[in-house]
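So the chains spell out like this:
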Amino acid sequence: MSASSTPSSRPAVTEREAREVAEAAREQHWRKPSFAKELFLGRFRLDLIHPHPLPDDEVAQRGEEFLAKLRDFVETKIDGALIEREARIPDEVIDGLKELGAFGMKIDTKYGGLGLGQVYYNKALSLAGSASPAIGVLLSAHQSIGVPQPLKLFGTQEQRERFLPRCARTDISAFLLTEPDVGSDPARLATTAVPDGDDYVLDGVKLWTTNGVVADLLVVMARVPKSECHRGGITAFVVETNSPGVTVENRNAFMGLRGIENGVTRFHQVRVPAANRVGAEGQGLKIALTTLNTGRLSLPASCVAAGKWCLKIAREWSAAREQWGKPVAHHEAVGSKISFIAATTFALEAVTDLASQMADEDRNDIRIEGALAKLYASEMAWTMADELVQIRGGRGFETADSLRARGERGVPAEQLLRDLRINRIFEGSTEIMHLLIAREAVDAHLSVAGDLIDPEKSLGDKAKAGANAGAFYAKWLPKLVAGPGQLPTSYGEFKRDVDLSGHLRYVERTARKLARSTFYAMSRWQGRMESKQGFLGRIVDIGAELFAMSASCVRAELLRSQGDHGREAYQLADVFCRQSRIRIEELFTRLWTNTDDLDRKVVKGVLSGTYEWLEQGIVDPSDDGPWIADATPGPSQKENVHRPIR
């Protein structure tokens, strides 16, 4: 197929075809144990996370040495307020980060990187992001999902030797998947890569390309047409940004993270050598999803940093601000918010460190743990920031520059709220994460009983599936009746001055209850289960709380065993678990008592115009432009705003 025959229309995709594309891209087998997978099946495998895994001494020493250098740079060279005002990271700051090796934190030392593991990489992101969240995004988009991670997992030796030294010291990379009309449904991907001799020819438009404005190297997902010599499908390529036909058409601006270099990139007849293809044709979406399994852990790291800062400001402000004769911290309405921030920050750090160390050890499959960490951290960090703004009152709504101008400490609480809001959307929105995790959580059920609820399967297939399901459930269901959570002496090693053993018994009992609820729902709704997104979301949220409780208790015991604030850690873990249990019980109630069916009826009415009268009495300040920008392939008509930093 020649380059001149590039398809110009977006592929028409049915709902079933879209699901099949997503299903083909996910990892089909569980070759390693998974704590979270077992949790959703009603099996509390504490042995998979306790004793808490730790980095070896050499890795820890290397990590601490880099953190010391990074802290000095962050404290002396980064002006977060300047980045917020100018909506740009100064070139000299980026150059300084390159010289420090911050762009090569996760790259192996043999390629010129620092060779840090996920634990210390995340600690570095937390530190840098606390000075300016835009810098945390710059570094994580480059290393977590940009060129280094896909090449580490799927690249050839020649590709690693060619690109990784550049990424470690000089070049910035970006990851390009999203398109103007394609978000979490990659089956509709319209960017094409048409084989032409020893090259592929790229045509299409990519949206929200974080780092794309300043990037030197891009990981681009494009659809290869199927032909006699090509299996086709969504495929990953490394693309040089200075290639003819690559145009950065716009630098996007957002409510938060104002310093990020995020843009719109157009490809017109861009020739990419076949040697730059990462993996096989059709493997691109699998590469993207696998990369995100650990790549998502960078986002919880930024949330941990946010929680720590919220706690610091809440402590200092609430002690200084007096109302009705005493510091506001001593008023219960404010004190409960401070307690929530402290306990939740402890839990988020526990979840992030545990998942990160598990990723480094590579003994467990952490696809669910990484997704849960991203989901839970993004939601809880947003709530903590919102509570901080409330604690600060009118000053929380006021900008740091305004506070500073009238003689008060410039505390950017409102900026934190704006900066954190995107975390609930990118790298998988909360809604998509619910569905992704739910799919993995019910994988065991679908493996044995999936054909029973598939309308396209034959009677023979259904009969076979029925026999397999019967054998599986005959062994599995009885195990959900009783367990260690019902024995008062279980998990006694967590019983100190503060007793955490009861919380772990609760986790064990609740995991079995969660599994029973999932089984009941599958029996009740069968093939309609996938449409019950409200139910599935609550199931996942319960699992996230149980994971956070487990991680908090295990971290508290680790700190106690190390003599590192162990008593205080136990207190924080205890408070967090008690708060979490209240949320869990509410979620269980909402599994069966909710307005999901009524909500669907209202939505139909809204879309049909039944309630259009309710919109009267306002003016709409938005303009009359199209809802989705035209992404028709072709030459760019705009100025190239690409800004390489050298």
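How each quantity is defined
- Residues numbered from 1 in each chain as written.
- Predicted model: local features only at pLDDT ≥ 70, side-chain atom pairs only at ≥ 80, totals over all residues.
- Heavy atoms only, no water.
- Helix = DSSP H or I, 4+ residues; strand = E, 2+ residues; numbered from the N terminus.
- Expected span 1.5 Å × (residues − 1).
- Bend = angle between axes of the 7 residues up to and from the residue.
- Buried < 20%, exposed > 50% of the residue type's maximum accessible area, 1.4 Å probe, protein only.
- Pairing = 2+ DSSP bridges.
- Core = buried A, V, L, I, M, F, W, Y, C linked by side-chain atoms within 4.5 Å.
- Contact = heavy atoms within 4.5 Å.
- Salt bridge = Lys/Arg side-chain N within 4 Å of Asp/Glu carboxyl O.

### Side note on helix 9 (residues 157-169)
Between its first and last C-alpha, helix 9 extends 19 Å over 13 residues, near the 18 Å set by a 1.5 Å rise per residue. Most pronounced at phenylalanine 163, the bend in helix 9 amounts to some 35°, and the proline proline 165 follows within four residues.

### What to know about the pairing of strand 3 (residues 199-210)
Burial analysis of strand 3 places 11 of its 12 residues in the buried class, the great majority of the element. Bridge count for strand 2 (residues 192-196) against strand 3 is five bridges, and the pairing is antiparallel. When the bridges of strand 3 are listed, aspartate 196 appears paired with aspartate 199. Hairpin connection of strand 2 to strand 3: two residues between the antiparallel strands, including glycine 197 at a positive phi of 65°. Here nine bridges tie strand 3 to strand 7 (residues 262-273), and the two strands are oriented antiparallel to one another. Bridging from a neighbouring strand, valine 201 pairs with arginine 271 of strand 7.

### A look at the nonpolar core
Formed by 95 residues in total, the largest nonpolar core has its most connected members in Leu372 and Leu546. Ranked by the residues each element gives to this core, the list is headed by helix 21 (residues 533-561), at 15 residues. Residue contacts for leucine 546: discarding those within four places in its chain leaves Leu39, Tyr506, Val507, Thr510, Ala511, Leu514 and Ile584.

### Observations regarding the pattern of salt bridges
Tallied over the entire structure, the rule returns 49 salt bridges. The salt bridge partner of glutamate 38 is arginine 43, with a shortest N-O separation of 2.6 Å. On the accessibility criterion, glutamate 38 (12% relative accessible area) is buried. Residues arginine 166 and aspartate 171 are paired through a salt bridge, measuring 2.7 Å at the closest nitrogen-oxygen approach. A cluster of three or more residues bridged by salt bridges with shared partners is formed by Arg88, Asp91, Arg251, Glu261 and Arg643.

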